[in-house]
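Commentary on secondary and tertiary structure
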Amino acid sequence: MNPTPQVISNDEKVANEYVNQVFEIVKNRNPYEFEFQQAVKEIFDSLIPLFAKDPIYMKHNILERIVEPERLITFSVPWVDDQGNVQVNRGFRVQFNSALGPYKGGLRFHPSVNSSIIKFLGFEQIFKNALTGQPIGGGKGGSDFNPKGKSDREIMRFTQSFMTELYRYIGPDVDVPAGDIGVGAKEIGYMFGQYKKLRGAFEAGVLTGKSIGFGGSLARKEATGYGLVYFVQEMLKDNGLDFEGATVVVSGSGNVAIYAIEKAQQFGAKVVACSDSNGYIYDPNGLNLDTVKQLKEVEEKRIREYVEIHPGAEYYEGCTGIWSIPCDIALPCATQNEIDAESANTLVVNGVKAVGEGANMPSTIEAAHVLLENGVLYAPGKAANAGGVAVSALEMAQNSMRLSWTFEKVDQKLHEIMHNIYLSSTEAANEYGHPGNLLVGANIAGFKKVAQAMISQGVV
Ligand code: NDP
């Protein structure tokens with residue numbers, strides 16, 4: 001892959017100046033929101049070739065409009081813990097852009113959640129959703145509530161209180177939340193129950209990621225991880241490589257990581273490591289996924305317990321060390337900024353050939369540059385992890401039709417969608433002079449769809 005060429009033409013200089021001006025506005029309007037600024041900067045830089053070639057987007061000042069959320073809602077979430085103490089958390093929903101459809105994006109429950117995190121995720125979601133080709137706008141939400149160590153009853157009381165405020169802002173044609181870190185089928189179930197009670201109506205399409213028994217889609221649980229591997233497989237094949245026989249390292253051991261491991265193993269890869277927020281395990285013989293699932297999905301234990309069951313494996317404290325394990329393919333599937341420039345350099349020195357992002361923004365801007373400049377195949381999260389939201393949109397379609405498709409049908413559609421995202425990202429990268437750079441390609445392809453809809457719909 002070629003590294004990103006330098007900005008040279010006069011048109012590119014004008015575009016560069018415009019982008020820098022708008023970025024200054026973003027920094028002034030959103031001080032201290034560093035994750036949001038980082039996500040904006042990454043997209044802005046890759047749009048310069050587009051603006052240089054098609055100045056219409058500058059004329060309509062789409063950039064300054066698109067960085068301003070259409071609505072940002074914050075609210076208090078009071079609840080009572082098992083000891084009878086009153087607790088209060090902060091709830092968020094950002095309804096970022098509705099040019100392509102109802103707002104769509106997950107809810108994250110994690111102590112690190114604040115408006116910067118929610119806005120970075122919501123901003124990325126606009127372009128990711130556009131790339132899927134489905135009629136969905138971009139949104140995101142969550143709370144600084146920490147579900148770890150909470151009883152089921154505490155989680156139920158918290159989620160009910162969260163929905164008691166959120167319900168007035170969402171609906172199947174308005175805004176459709178789903179899960180993310182700390183929000184799985186259990187939390188979605190409690191929230192759906194509370195929404196149903198408050199509305200007095202069974203509106204199945206208001207939330208996605210529901211259990212199969214009441215409107216959930218088969219293959220939604222697997223979709224982000226499987227979709228990531230489908231996308232990376234396209235990229236590998238285009239470059240004469242394959243998962244078959246490759247050594248793979250996956251960070252995280254949550255929803256995305258587990259199903260990325262599963263599909264990579266089905267494709268013949270040897271996955272030797274995964275992690276949680278305490279540390280990582282290395283199993284030179286290849287991970288036993290049944291054990292990982294039992295520990296993380298069923299027993300909700302720490303990943304370190306794996307080595308007690310498989311003595312040939314090793315456990316290490318800390319999260320970043322996982323990137324020092326030599327591998328052909330790295331799949332970061334845990335959280336934002338988990339690969340910095342140093343980790344990226346270590347991966348390069350150890351001969352990594354491809355990095356596919358299951359998490360949102362897991363590589364810092366500097367890390368992404370290191371990978372691209374060293375010819376590593378790089379699949380950015382916005383494109384590579386879009387399978388989850390794509391199947392969420394398929395869940396909405398099934399709910400509207402009051403039908404359920406088979407696992408095979410949903411999986412096949414997911415595969416087609418990931419193939420199309422790969423094609424549109426590759427084509428945009430070629431068209432705008434950055435062949436092989438999927439970061440530039442995905443950002444341009446997603447942005448164009450949203451920007452064209454915004455222009456058609458006027459200044460609203
Ligand atoms: P989960 O909550 O299911 O899992 C997150 C996993 O990452 C857990 O194993 C957690 O460990 C681990 N983790 C958290 N922080 C770190 C860290 N610093 N280093 C190593 N491991 C860490 O979340 P998801 O799998 O749903 O989400 C993972 C990422 O994928 C997020 O960035 C999310 O936004 C993104 N994503 C998710 C989608 C989905 O459909 N779920 C769709 C698209 C993107 P522990 O067990 O200790 O908490």
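Here's what I pulled together on the structure shown here. Note that the structure is a prediction, hence the values are computed from the model and not measured.

Another aspect to go through is unusual backbone geometry. A positive phi is found at Asn61, a non-glycine position, where the angle reads about 45°. Inspection of the secondary structure assignment puts Asn61 in the loop between helix H3 (56-59) and helix H4 (62-66).

Here we take up the packing of aromatic side chains. Applying the stated criterion across every chain, the model contains 27 aromatic pairs. With a centroid separation of 6.4 Å and 70° between ring planes, the pair formed by Tyr226 and Tyr230 is classed as edge-to-face. Remark: Tyr230 and Tyr226 occur in helix H8 (residues 220-238); sequence separation between them is four residues, near one turn of the helix. Each member of the pair Tyr226 and Tyr230 is classed as buried. Linked through ring pairs, Tyr18, Phe36, Phe51, Tyr57, Phe96, Phe123, Phe127 and Phe447 together constitute an aromatic cluster. Directly above the aromatic system of Phe23 lies the positively charged group of Lys41, at a separation of 5.4 Å from the ring centroid. Positioned above the aromatic ring of Tyr226 is the side chain of Lys263, whose terminal nitrogen or guanidinium carbon lies 4.4 Å from the ring centre.

Let us look at the sheet that holds strand S10 (residues 329-332). Read across the open sheet, the seven strands follow the order S9-S8-S7-S6-S10-S11-S12; overall the sheet is mixed. Each having just a single partner strand, strand S9 (314-317) and strand S12 (377-379) make up the two edges of the open sheet. This sheet shows a mean twist of 15° between the axes of neighbouring strands, independent of strand direction. By the bridge criterion, three bridges tie strand S11 (residues 354-356) to S12 in an arrangement that is parallel. Considered in S12, the bridge of Val355 is made with Tyr378.

Attention shifts here to the sheet that holds strand S1 (residues 71-80). Reading across from one edge, S1-S2-S4-S3-S5 is the order of the five strands in this open sheet, with mixed pairing throughout. The sheet terminates laterally at S1 and strand S5 (175-178), the two strands that pair on one side only. Within the sheet, the average angular offset between the axes of one strand and its neighbour, ignoring direction, is 20°. Sheet topology places strand S3 (residues 103-109) next to S5; four bridges connect them, and they run parallel. From the neighbouring strand, Gly106 faces S5, where its bridge partner is Ala178.

Rules used in this analysis
- Residues numbered from 1 in each chain as written.
- Predicted model: local features only at pLDDT ≥ 70, side-chain atom pairs only at ≥ 80, totals over all residues.
- Heavy atoms only, no water.
- Helix = DSSP H or I, 4+ residues; strand = E, 2+ residues; numbered from the N terminus.
- Phe/Tyr/Trp six-rings, centres within 6.5 Å; stacked < 30°, edge-to-face > 60°.
- Buried < 20%, exposed > 50% of the residue type's maximum accessible area, 1.4 Å probe, protein only.
- Lys NZ or Arg CZ within 6 Å of the ring centre and 35° of its normal.
- Pairing = 2+ DSSP bridges.
- Axes fitted to C-alpha atoms, helices over the stretch in contact; angles between N-to-C directions.

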